[in-house]
Structure formats: C-alpha cells, structure tokens
Amino acid sequence: MAVSVLVGVQWGDEGKGKIIDVLTADAGMVIRFQGGNNAGHTVEIGDEKFVLHLIPSGILRKDTDCVIANGLVVDPIGLMDEMKALTGRGIDVSKLQLSCRCHLIMPWHKLLDAYNENKAAAGKKIGTTKRGIGPAYAAKANRTGIRGLEILHKDRFEKLFREGAEDYNRTYGPLGAEPLDADKAWAEMAIAIDYLKPYVKDTVVTIHQAVKEGKHLLLEGAQGAFLDIDHGTYPFVTSSNTTSGGACTGTGLPPKAVTEVWGVLKAYMTRVGEGPFPTELHDDLGKYLQDKGGEFGATTGRPRRCGWLDLVASKYSCMINGVDYLAVTKLDVLDDLDEIKLCTGYRIDGKVTTDFPADVSDMARIEPVYESMPGWKTSTVEARTMDDLPENARKYLKRVAEFLDAKIGIISVGPRRDQTFRV
Ligand code: GDP
Ligand code: IMO
Ligand code: MG
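Rules of the game
Position labels on residues start from 1 in each chain and follow its written sequence. A letter from A marks each chain and a number from 1 marks each ligand, given out in the order of writing. In keeping with the predicted nature of the model, local features appear solely for residues at pLDDT of at least 70, side-chain atom pairs appear and are counted solely at 80 or more, and the whole-chain, interface and lining totals rest on all residues. Excluding hydrogens and water, the side-chain figures rest on all heavy atoms present in the structure. Sites may look incomplete because water is not among the atoms; the donors themselves are N, O and S atoms within 2.8 Å of the metal, or within 3.2 Å for Na, K and Ca. Only runs of H or I of at least four residues qualify as helices and only runs of E of at least two qualify as strands under DSSP, and these elements are numbered from the N terminus. Angles here are taken between N-to-C directions and fall from 0 to 180 degrees, while the axes themselves are lines fitted to C-alpha atoms, restricted in helices to the stretch in contact. In this scheme, roughly parallel covers angles under 35 degrees and roughly antiparallel covers those over 145, while 65 to 115 is roughly perpendicular and the rest are oblique. By convention, the crossing between two helices is left-handed when the near helix turns anticlockwise from the far helix through less than a right angle, and right-handed when the turn is clockwise. Between two residues, a contact is recorded if the distance between any of their heavy atoms is within 4.5 Å. By definition, a salt bridge exists where a carboxyl oxygen of Asp or Glu is found within 4 Å of a side-chain nitrogen of Lys or Arg. Remark: exposure states derive from per-residue accessible area (1.4 Å probe, protein chains only) relative to the maximum for the residue type, with buried under 20%, exposed over 50%, and partly exposed in between. One heavy atom within 4 Å of a molecule or strand is enough for the residue carrying it to be called near that molecule or strand. In protein, a polar contact means a hydrogen-donor-capable atom and an acceptor-capable atom, both N or O and within 3.5 Å, with residues adjacent in sequence counting only if both atoms are side-chain atoms; elsewhere, any N or O pair within 3.5 Å suffices. Computed with a 1.4 Å probe, the accessible areas rest on the Shrake-Rupley method; for each residue, only the protein chains presented here act as cover. Two strands are said to pair when DSSP picks up at least two bridges between them. Take the buried residues of types Ala, Val, Leu, Ile, Met, Phe, Trp, Tyr and Cys, join any two whose side-chain atoms come within 4.5 Å, and each joined set is a nonpolar core. Throughout, the ten residues Ala, Val, Leu, Ile, Met, Phe, Trp, Tyr, Cys and Pro are labelled nonpolar, Asp, Glu, Lys and Arg are labelled charged, and all others, Gly among them, are labelled polar.

## With respect to the coordination of the magnesium ion (ligand 3)
In this structure, Asp13 (OD) and Gly40 (O) serve as the protein donors to the magnesium ion (ligand 3), at separations of 2.0 to 2.2 Å. Remark: Gly40 occurs in the loop between strand 2 (29–32) and strand 3 (41–45) and Asp13 occurs in the loop between strand 1 (3–8) and helix 1 (16–23); sequence separation between them is 27 residues.

Encoded structure:
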C-alpha cells in the first residue's frame, strides 16, 4: 500500500489541510512529521470550518488513525486545548497518538521566541509565530530538550521543568526577558500532562505496524519548502525540515518506504512573516489577491503578502521534494483577472538565471522575468473536471506543469471539500 508524503512547495498556507482531508478518504493513518502549532491547516466541510494546528487534518474522518510523530515540537497546553475544542465539536480524538520521542515546547521557549524577536534589529526579525518553535528545536539540537516520554513520568518531568524554568529566569532575567512564574506555569503544565498521558505512544512501532497491515499512510507536511531550515530562504525560515526528506526522520520510516510525494502549489504566491519574496506585488493587485484569497494567517491572523506564481523557486522546490503529483489550489482566486503572470527567470545584476539562489542578499536583488498569459474571466468554482475549466485556465495549468516537470493530480477551485477534482 501507499505511503504518501504531502508537502507545501511554497512558503506555507498552500491549502495542505484541505488536500490532506480530500486524500484521507483513502487513508488509514495520517501523520504529522515536523513543525508544531505554528501551522494552521484549514478544512472546510459543508458549512463547518476547522483550523488544525498540531492535530493531523485526517482527524475529521471517522476511521482514520492520527499520529503526532517524533519530528514535531509539541506545546502540551496547545495540544490539550486543540483536542478539547475538537471534542466539543463532536470529533473523536481517541484515535490520536503522540510520540514519546517528540520534543515539548515549554513556556520559556515561547518567552524566548518573543524575546529574540523583540530584541532583533530591523531587518533581522524573522516574523515568527511566537509559538516557541525555534527555541524548542534549539533545545533539541542542544540536547537539553524535554521529550514526550516525560509525560509518563510526572515527578521526573516536574524536576526537569523547574530546572529549565530556573535556568531561563537566571540567564535571561538580567537581560530583560519576561520572567516566568515557575509555580503557576507548572500548575498549568501538570493539567495538560495528566490529560495527554493516555495518548503517549512509541509511534515508530505503531507506524511500522500500520505499514505491515497494508494501511495507506498519509504524511502531512507543515509550512513549505522555502521555510525549510536547509533549503529555504535562510535565516527567514522555520526551524525544521519541511521538505519530503523530513518525513522520514520525523516518523522513523525509511526513505524506501515512501511511494509517492504530493506537492501542494497555490496558483499564486503568498508569504507571512519577513524575508525575501521576489514576485511580491506591492500594488492594488497584491491587495486584490489578499482579499479574494482570504490571505490572512490561520494561526496568527497576520495578513499574508501576495504575488505572482514564482516558477523558478517552485521548480527548485519540486526538485528537492521529488514531487510526483501537484495539487494546485486556489485557481478560482485568479478567475477575474485580465492578465496572469508567471515568473520564469530571475535577473540578478543584469544576468538571467533559473537557479534558486542560496543567499538572501542575492534574492533581495532579483528582478523577476515574467511570462504573461491571458486570464479566463470565468468562474471556476463549479468545475469538477478538467473539461469544465475555461481554455485559458487549462493553458495556465499546462504551462505550470510543463515548467515544473510535474504531473498535476488534483485541482482545487474553492475551500470546500467538494470543490476539488482529480485529474
Ligand atoms: P495550509 O496551511 O497549507 O493548510 O493552508 P491554510 O489553511 O493556512 O490556508 C489556505 C486557505 O485557503 C484556507 O482558508 C482554505 O480554506 C483556503 N483554500 C484552500 N483551497 C482553496 C481553493 O482552492 N480556493 C479557495 N478560494 N480557497 C481555498
Ligand atoms: P502552515 O503549515 C506560513 C513562518 C512564520 C515565520 C517563519 C518562522 O500553516 O503552512 P516559526 O514560528 O515557525 O519560527 O516562524 O515561518 N511560518 C509559516 N508561514 N504557514 C505556516 O504553516 C507557517 N509556520 C511558520 O510566519 O515567517
Ligand atoms: Mg496555514
């Protein structure tokens, strides 16, 4: 059976949640493998809208097991709140498992995230979600992190917690960081760890068992390729491997287990937070895409920056992810435009290249080279087959697939589950 990895191939918010929900119709298990509650994955079913931050988007299907695997950094209080909110809406969360090997986001990680952002000089701020993601992954790399398995040993956890809180107050207090009230913070944490205890599992075992049983596994990426700590627009990135390689280290599945890679591609580009964005539109058109596409962060509510589809960057991203199939989303947002542009080259210091630069100072000097295509000026929201699409929309998609050398497998023409079709 298939082990499918699904990743965002831009700067996140491509519509991964929606496509995961669609693909989950055939999946036995959905697994998050990196990131944390910096993610906001939206699923709309009929009139109901769900925004998932840590819990896999498969949770909305009745018979699908869901796993928060070892590669994540998990805020125990955030997870408990998300589980309770879903339970309150009639969703069964008993089929959720939390890896004993995941790392936990502690309250001082969130305070440190805010402290680092606030103290950074102009031009150095990353524009993080302030969920403590960077400091928690830093603690993991520094070998001072607290892992999910400590939830099973409350006394041990409390000792580590108090040591960590004291260390934070001692080190960062004198520098002006917000102090942490360890007693109050532990009281809050203790409630969350009691709540989460039954869900902590060795998920490497359960994931491999599911493979043995022939279940279809769907590995749900968070963020997107240009936020990848190795391949993104460093340092304006998140702190994990958001590309398909991260799916193996983040779950304990070997590379040869993966049978297909889905890349979710928005029909235009967005970015939330700081950092280079060559095709960003600073004019009315950028504002138009933001309004029509509802481009406001699902986690922080911040407006997303918008621009034309950057095929140069997307090609790099399809290459490093090994994308087999693209799911193209938000085609409907382009419905009313007279002209649509595609960036097919970067002019840097007068020279045109199709290579994606590693250096953000090169990125900042990019003048995009555009190809222009006529718009289709027809609503696509009711389209359910390729033939239902206007000819210019089909031409647009054909050009995108050709440039990216990838096959389009799904097209999405609206936020709802039913506004999707396979190609
Ligand atoms: P994710 O982080 O990749 O899961 O994406 P987000 O949920 O943060 O952002 C995608 C937004 O676009 C959500 O509000 C979705 O409901 C919405 N969306 C997804 N697909 C489509 C689509 O094809 N058309 C439109 N108009 N909206 C979509
Ligand atoms: P989903 O999964 C879009 C961005 C932040 C910031 C940078 C670092 O919904 O696509 P962090 O808090 O991770 O240290 O912030 O990454 N970012 C996202 N942007 N979608 C996301 O997730 C994001 N998660 C983080 O805005 O620029
Ligand atoms: Mg999102």
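## So, the packing of helix 3 (residues 107–119) against helix 4 (residues 133–141)
Axis separation between helix 3 and helix 4 bottoms out at 7 Å; the angle between their running directions is 120°. When the axis of helix 3 is compared with that of helix 4, the two are oblique. Where helix 3 crosses over helix 4, the two elements pack in a sense that is right-handed. Contact residues: His109, Leu112 and Asp113 in helix 3; Ile133, Pro135, Ala136 and Ala139 in helix 4.

## Observations concerning the pattern of salt bridges
The full count for this structure, using the stated rule, is 32 salt bridges. Glu14 serves as the salt-bridge partner of Lys16, at 2.9 Å between the closest nitrogen and oxygen. Judged on exposure class, the residue Lys16 and its partner Glu14 are both buried. Lys159 is the partner of Glu163 in a salt bridge, and the nearest nitrogen-oxygen pair spans 3.1 Å. Here Glu163 and its partner Lys159 are both found in helix 5 (residues 154–172), 4 residues apart, which amounts to about one turn of the helix. The class of Glu163 is partly exposed, set by a relative accessible area of 42%. Sharing partners across several salt bridges, the network here consists of Asp13, Lys266, Glu295, Arg304 and Lys330.

## Regarding the site of ligand 2
Every one of the 20 residues lining ligand 2 counts as a neighbour, but Lys16, His41, Thr129, Gln223 and Thr238 are closest to it. The contact in question runs from an oxygen atom of ligand 2 to an N or O atom on the side chain of Arg302, over 2.9 Å. Contact with the protein chains hides 97% of the accessible area of ligand 2, taken as 550 Å² for the molecule alone.

## Section: the side chain of Ser244
Among the structural elements, Ser244 can be located in the loop between strand 10 (217–220) and helix 8 (246–249). When its relative accessible area of 12% is taken as the criterion, Ser244 is described as buried. For Ser244, the residues in contact, after removing those within four places along its chain, are Val5, Val7, Val261, Ile320 and Asn321.

## Concerning the pairing of strand 16 (residues 339–348)
Counting buried positions along strand 16 gives 7 out of 10 residues, so the element sits mostly inside the fold. Where strand 14 (residues 309–310) meets strand 16, 2 bridges bridge the pair, whose relative direction is parallel. Bridge assignment links Asp310 to a residue of strand 16, and that residue is Cys343. Where strand 16 lies against strand 17 (residues 351–353), 3 bridges are found, and the strand directions are antiparallel. Paired with Ile348 across the strands is Lys351, a residue of strand 17. Counting the residues in the hairpin turn of strand 16 and strand 17 gives 2 residues, including Asp349, whose phi is positive at 50°.

## As for the nonpolar core
Among the nonpolar cores identified, the biggest contains 66 residues, and Leu217, Leu219, Leu326, Leu331, Leu334 and Tyr396 are the most heavily contacted of them. In terms of residue count, the dominant contributor to this core is helix 12 (residues 391–404) (7 residues). Counting residues in hydrophobic clusters, the runner-up holds 44 residues, among them Leu54, Met83, Cys102 and Phe157.

## Points about the sheet that holds strand 11 (residues 260–266)
The sheet built from 10 strands is open, its strands ordered 9-7-5-2-10-1-11-15-19-20 with mixed pairing. Each end of this open sheet is capped by a strand with a single partner; those strands are strand 9 (200–201) and strand 20 (420–422). Pairing of strand 5 (residues 65–68) with strand 7 (residues 96–99) involves 3 bridges; the strand directions are parallel. Paired with Val67 across the two strands is Gln97, which belongs to strand 7. Sheet contacts for helix 1: strand 1, strand 2, strand 10, strand 11, strand 15 (325–329), strand 19 (407–412) and strand 20; angle to strand 1, the most-contacted strand, approximately 160°.

## Here we look at the environment of Arg131
Relative to the elements of secondary structure, Arg131 occurs in the loop between helix 3 and helix 4. Separated by 95 residues in sequence, Arg131 and Gly36 have C-alpha atoms that sit 8.2 Å apart. A polar contact of 2.8 Å, which involves the side chain of Arg131, links it to the backbone oxygen of Thr129. Only 3.2 Å separates the side chain of Arg131 from the backbone oxygen of Thr299, close enough to count as a polar contact.

## Some details on the site of ligand 1
Near ligand 1 there are 20 residues, and of these Gly15, Lys16, Thr42, Asp332 and Ser412 occur at the shortest range. A distance of 2.8 Å separates a nitrogen atom of ligand 1 from a polar atom in the side chain of Asp332. Residue Ser412 places a side-chain N or O atom 2.5 Å away from an oxygen atom belonging to ligand 1. When contributions to the shell around ligand 1 are tallied by element, the ones reaching two or more residues are helix 1 and strand 3.

## A word on the packing of helix 10 (residues 311–321) against helix 12
It is the contact of helix 10 with helix 12, at a shortest axis distance of 9 Å, that shows an interaxial angle of 55°. When the axes of helix 10 and helix 12 are compared, the pair comes out oblique. Pair helix 10 / helix 12 crosses with right-handed handedness. Between helix 10 and helix 12, the contacting residues are Leu311, Val312, Ser314, Lys315 and Cys318 on the first element and Val400, Phe403 and Leu404 on the second. By residue class, the composition of the contact of helix 10 with helix 12 is 6 nonpolar, 1 polar and 1 charged.

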